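# Structural features, examined
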Amino acid sequence: TATASPHKSDNESPSKKSSDDGGRDEDDGKPMILIDLTRLDPNIHNKFDKNGVSDSAAASALRKKIESQYEQYSNDAELLADGTSIPCSTNVWRGAIQRMRDERPGHYFAPVFPPPLTKKS
């Protein structure tokens, strides 16, 4: 089954500032992942509202766990192969997450950003 690519199309100007960058990045965006939380925990879903979630506390806790283990989730071959972890860019993630919610009704997707780099003193 083909899925919509969350990557920028060829006709978008790389110099154009995107409003979908979550306020975190420059023009071309930075790597991040979209996670299908429903594949990891079937009790977290959006069967009744594609933009809602059945258990916001559980979804938040799982998202925070994934953020704390970002490298593991972003590089896990099995999660990448089955579509649980979807590489994306910070400048296109909002549109990509909507496409994924349309393509997989009932599945709750969450954006997961890499942890911020810590500055050495």
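Presented here is a report on the structure given in the accompanying data block. Not measured: the values here are computed from a predicted model.

Turning to the nonpolar core, a few remarks are in order. Met 32, Leu 34, Leu 37, Ile 66, Cys 88 and Trp 93 are the most contacted members of the largest nonpolar core, which totals 24 residues. Contributions of two or more residues to this core are made by strand E1 (31-36), helix H2 (56-68), helix H3 (70-75), strand E2 (85-89), helix H5 (93-103) and strand E3 (109-112).

Compared with the 18 Å implied by 1.5 Å per residue over 13 residues, the 18 Å span of H2 between its first and last C-alpha is a close match. Those residues of H2 that sit buried are Ala 59, Leu 62 and Ile 66. Seen from one end, H2 has its buried residues packed into an arc of 70°, which puts them on one side. Opposite its buried face, H2 presents the exposed residues Ser 56, Ala 57 and Ser 68, each directed more than 90 degrees away. The elements touched by buried residues of H2 are E1, helix H1 (37-40), H3 and E3. Taking the backbone nitrogen of Ala 57 as reference, a side-chain oxygen 3.3 Å away marks Asp 55 as the first, capping residue of H2.

Reading guide: rules and limits
Residues numbered from 1 in each chain as written. Predicted model: local features only at pLDDT ≥ 70, side-chain atom pairs only at ≥ 80, totals over all residues. Heavy atoms only, no water. Core = buried A, V, L, I, M, F, W, Y, C linked by side-chain atoms within 4.5 Å. Buried < 20%, exposed > 50% of the residue type's maximum accessible area, 1.4 Å probe, protein only. Helix = DSSP H or I, 4+ residues; strand = E, 2+ residues; numbered from the N terminus. Expected span 1.5 Å × (residues − 1). Arc of directions from axis to C-beta. Contact = heavy atoms within 4.5 Å. Polar contact = N/O pair within 3.5 Å; in protein donor to acceptor, adjacent residues only side chain to side chain.

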